[in-house]
Amino acid sequence: MHAPMQREGPRTQPDGPLHADALAHCAAMDMGTVDSQRKMQAAETGGAAPPAPAPGSKPGRGGRGGRKHLSSIANHVLHQCSQTLDRSVNDLIADFELGLKTAAVDSYSRRLVEFCSLQALQIITSHDLGDKINEGSLSRFTFDMMLAWETPTPSDHHITMESIAKEREDRKEPLGANEAVMGDETSLFYSDIMPLLVNEEPTIGEDAYVWFGSIFPLACDVVNARFTFEALTATTAKRLHYPAYDRFLKEMDKSFKFLQKLPTPTGIEFAEDEFILHMEGTAGTQRVVRHVGTTSWPGRLTLTNKALYFEASGNISYESAFKVDLSDAEVEHQINTVSTGPFGVPLFDKGIVFESLPESLVLEFPEMTSSTRRDMWLTLIREVLFIHRFISMYNIESPIHKWEVHSRIILGVIRLHAAREMLRMSPPLPSSFLIFSLYDDLPKGDFVLEQLASNLKETSTITRLSASYVFKGLSKSYLTLLSAEIAKDHEPDSSSHEQPLASLENRIDQVKDEAREVTAANAAVDGMKEEGITDSILVLVGLVSPISKLRPVVQRITSWERPLVTVGVLAVILLIIYNEWIGYMLAASLMLAVGVMVWARERKIGKICSEVTIDTSSDKTTMESIVEAQQSLKKVHEYIKTANVVILRLWSIALAKSPKHTETMIWMLTGIAVALAVIPFKYVLIGLTVGGFIANTKIMKAVSNPQGGRRWREWWESIPAVPVRTVDKSEL
């Protein structure tokens, strides 16, 4: 811990006697006002409230005695904060009460811990952040802060222990004498001695970790803190141990320094705010190969927060770098996975291809078994694309705001490197640490990004507790973008900070709930997607009757590839619709569908017929079926599986397997049926037909809103599919 700093001057404490009933209420319920807290101080100091310091006097380090309404760890943190700030605990409490003198506040002890922790953090993070991480003082102090926040009172400590014990009991596992979590689920990254240390110290939960990320975004970012915590504690019963936390911060600092020392690509001069995120292909890392036609060129691949660089290996040094600019949001990069191999033969699914470049770029990441490296690079590249799309979409123009976004992404990548170094035997998913990749996949994730952009625009300066300031503390460099004035009198616990943060947390909780629902709905679908192409074809044949290939013809007509043909077809269709009256018949069909759904819901058909049975018997041998299936195109296979999912989800709605979605569909179809019964159907059908044709024109595509389609897609993906069980009748 560095030498404590002197404050500029003491603050006057409020005076006045307090009522005894307020004292008893605060001590019993941990809910009180400023007066009740002062009464506690008076009782602890001999019956008299501590006098206000004389004007100009130097604050001491008094108030070391423990307060009964605080837990032992909370008292310890307050004492540490007083030493860091070179002020007494009584002075810190007096300053805290000045902001609460107008109203009663819930969770008084927790808010007191928050206030003192914030004051101390602004001092201990002012400089030499990396040195404090290496010596362990920062990790120990901040971990104690999270412990104190989680159990600020003795009653909170007992409740937390009981909750952990109940979780252990639900898992039918014994609780050790000194254990707060499962001792036998030691995380895979612990060294030989760490499991001995784990059982001797208390641990922190998810809420405390998220709270600390909201005020000091070093170990996590509040936007994806819960997902980061789940990744770090997947093997330790969702509790974080101090050895793991300390190792995580040290690995972050080590990764940061390593990336800072990496060389610049040959012939490239980095921008001032450009930072290397990942590099492979060097002597100490795994190979990267670029394929150009039938030739292959090993080289060094470098990814920054602005571009991707590939340098082919020469005889002595690397050749000039080939640059792919990722910062231009107007360029829509198409990056996909691809199979690669020697002499252009697609043998190994371990490559990525940039299809939108004038010069095709195909990169292979060789490894023995899985495609983990390829997936890692693909996720990082897309994260860089997402960040620039985010800045462009929400019109973030201020250099301070832009650098704050870049700092968040850089720190997220640093956390990912640190976690993968720790969890080598079971690497976490990259998206758990990368904000934009995470919320691009999650349902309603754009709501979180929209709220994040709104919060960023409300910030006018770089504060000591922002991501850009944490980046500065780790790098020890003074970039021009970081030379903006830092708010010295910033109050991290002010209402202006809490209100947007609460809105952001509400959005995050909503997204997590939606993600759980989608995961549960897709449980049956995921199992079916693992089937081979033979089973997928059999399932499709069992679900639908063979139909002619009319879809490509319809697509060519509606895509306006031949305007004269399209106009002619449209005119014929409109003429037919104008002279036909089929509205009542279609309305009756829809009401019949509604009746079937209501009947299925009342009869609980979805529970009785819980799966679709498909006959897989065939005259061909198994080998013949496999060979025939392998001749099918991969894209056709994906279409077949998608069609299966669509049909099974429609079955799920029709059989009321998902009552919520069935209810929504019932009301939607009822409304459509009523509209069709009232409005002449030919006008409705004419409007739909014209709209369907116009939707594919360039004008409509330019003015269309992509979020509307996303909302429908997210609702559709939340529908649980009916499970499929394939059987052979000859074996029954």
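Residues numbered from 1 in each chain as written. Predicted model: local features only at pLDDT ≥ 70, side-chain atom pairs only at ≥ 80, totals over all residues. Heavy atoms only, no water.

Glancing now at the overall build of the protein chain. From N to C terminus, the protein chain includes 30 helices and 10 strands. Residue burial in the protein chain is summarised as follows: out of 732 residues, 45% are buried. Taking the contacts inside the protein chain whose residues are at least 6 apart along the sequence as the reference set, 70% of them involve residues at least 24 apart. When the accessible area of the protein chain is evaluated, it comes to approximately 37,700 Å², of which 57% is carbon and sulfur surface. (Helix = DSSP H or I, 4+ residues; strand = E, 2+ residues; numbered from the N terminus. Buried < 20%, exposed > 50% of the residue type's maximum accessible area, 1.4 Å probe, protein only. Contact = heavy atoms within 4.5 Å. Areas by Shrake-Rupley, 256 points an atom, 1.4 Å probe, with all protein chains shown as cover.)

On to the packing of helix α7 (residues 137-150) against helix α10 (residues 206-215), then. Closest axis-to-axis distance for the α7/α10 pair is 9 Å, and the angle between their directions is 120°. As the angle between them shows, α7 and α10 are arranged oblique. In terms of crossing hand, the pair formed by α7 and α10 is right-handed. Here T142, M145, M146, W149 and E150 of α7 come into contact with α10, specifically with D207, A208, Y209, W211 and F212. Classifying every residue of the contact of α7 with α10 by side-chain character gives seven nonpolar, one polar and two charged. (Axes fitted to C-alpha atoms, helices over the stretch in contact; angles between N-to-C directions. Parallel < 35°, antiparallel > 145°, perpendicular 65-115°, else oblique. Left-handed = near helix turned anticlockwise from the far one by under 90°. Nonpolar A, V, L, I, M, F, W, Y, C, P; charged D, E, K, R; others polar.)

Covered by surrounding structure in strand β8 (residues 361-364) are L361 and L363 together with V362 and E364, the residues of both alternating faces. When strand β2 (residues 288-292) meets β8, the two strands line up antiparallel, connected through three bridges. In the sheet register, V289 faces β8, and the bridge partner there is E364. In the sheet, strand β7 (residues 348-354) pairs with β8 via four bridges, with the strands oriented antiparallel. Pairing of F354 across the sheet is with L361, part of β8. What sits between β7 and β8 in their antiparallel hairpin is a turn of six residues. (Pairing = 2+ DSSP bridges.)

This part is about the side chain of T566. Tracing the backbone through its elements, the reader meets T566 in helix α22 (residues 563-578). When its relative accessible area of 1% is taken as the criterion, T566 is described as buried. Contacts of T566, omitting those with residues within four sequence positions, involve I557, W560 and F693.

Interhelical geometry of helix α4 (residues 89-98) versus helix α5 (residues 108-124) gives an angle of 110° and a closest axis separation of 10 Å. As judged from the angle between their axes, α4 and α5 are roughly perpendicular. Of the residues in α5, those in contact with L92, I93, D95, F96 and E97 of α4 are Y108, R111, L112, F115 and C116. Taken together, the residues of the contact of α4 with α5 sort by class into seven nonpolar, no polar and three charged.

As a further point, take the packing of aromatic side chains. Taken as a whole and assessed by the stated rule, the structure comprises 17 aromatic pairs. Ring geometry for W403 and F471: centres 5.2 Å apart, planes at 85°, overall edge-to-face. With W403 in helix α14 (residues 399-422) and F471 in helix α17 (residues 467-475), the pair connects residues that are 68 residues apart, well separated along the chain. The pair W403 / F471 is uniform in exposure class, with both members buried. Above the plane of the ring of W149 lies R110, whose end atom (NZ or CZ) is 4.2 Å from the centre. Of note, R507 hangs over the ring of F447, and the distance from its end group to the ring centre comes to 5.3 Å. (Phe/Tyr/Trp six-rings, centres within 6.5 Å; stacked < 30°, edge-to-face > 60°. Lys NZ or Arg CZ within 6 Å of the ring centre and 35° of its normal.)

Let's shift gears to the pattern of salt bridges. Under the criterion given, the structure shown has 22 salt bridges. Across the pair E251 and R247 runs a salt bridge, and its minimum N-O distance is 3.1 Å. Of this pair, E251 and R247 are both found in helix α12 (residues 242-260), four residues apart, which corresponds to roughly one turn of the helix. Here R247 falls in the partly exposed class, since its relative accessible area comes to 23%. Where K641 meets E638, a salt bridge forms, and the shortest distance between an N and an O atom there is 3.5 Å. Here K641 and its partner E638 are both found in helix α26 (residues 634-654), three residues apart, which amounts to about one turn of the helix. (Salt bridge = Lys/Arg side-chain N within 4 Å of Asp/Glu carboxyl O.)

This part takes up the state of the cysteines. What the rule picks out here adds up to zero disulfides. Of all cysteine sulfurs in the structure, the one in C81 sits closest to C116, which takes part in no disulfide; the separation is 5.5 Å. Since its relative accessible area comes to 0%, C116 is described here as buried. (Disulfide = S-S within 2.5 Å.)

Our focus in this paragraph is unusual backbone geometry. One non-glycine residue, K238, lies in positive phi territory at about 60°. Here K238 is to be found in the loop between α11 (225-232) and α12. Under the relative-accessibility criterion, K238 is labelled partly exposed at 40%. In this structure, K444 is a non-glycine residue whose phi angle is positive, near 60°. For K444, the location among the structural elements is in the loop between α15 (435-441) and α16 (445-457). Note on K444: relative accessible area 19%, which makes it buried.

On the surface, Y578, V674, V678, I679 and Y683 cluster together into a nonpolar patch covering about 520 Å² of accessible area. By the element assignment, I679 lies in the loop between α27 (659-678) and α28 (681-694). In this structure I679 comes out as partly exposed when scored by relative accessible area, which is 42%. (Patch = residues over 30% accessible without salt bridge, like charges linked within 9 Å, V, L, I, M, F, W, Y side chains within 5 Å.)

A general tendency of soluble globular proteins is for nonpolar side chains to be buried together. Core analysis: the largest hydrophobic core is formed by 125 residues, its most contacted members being Y209, F248, L308, F354, F390 and Y439. Excluding anything up to four places from it in sequence, F248 contacts Y209, A219, L232, R415, A418, A419, M422 and F433. If you look at the next biggest cluster of nonpolar residues, it comprises 12 residues, including A587, M665, L669 and F681. (Core = buried A, V, L, I, M, F, W, Y, C linked by side-chain atoms within 4.5 Å.)

Another point: the environment of L575. By the element assignment, L575 lies in helix α22. Using a relative accessible area of 57% as the deciding quantity, one classes L575 as exposed. Separated by 111 residues in the primary sequence, L575 and I686 have C-alpha atoms spaced 9.1 Å apart.

Looking at where K402 falls in the secondary structure, it is placed in helix α14. Its relative accessible area of 34% is what places K402 among the partly exposed residues. As for K402 and S468, which are separated by 66 residues in sequence, their C-alpha atoms are 10.0 Å apart.

It is worth spelling out the environment of V222 at this point. Secondary-structure assignment places V222 in the loop between α10 and α11. Taking C-alpha positions, V222 is 8.3 Å from F212, a pair spaced 10 residues apart along the chain. Beyond its immediate chain neighbours, meaning those up to four positions away, V222 contacts V210, G213, S214, L501, L504, E505 and I508.

Let us look at α5. Helix length check: α5 (17 residues) gives 24 Å between terminal C-alpha atoms against 24 Å at 1.5 Å per residue, within 8%. Judged by how many residues are buried, α5 sits mostly within the fold: 14 of 17 residues are covered. (Expected span 1.5 Å × (residues − 1).)

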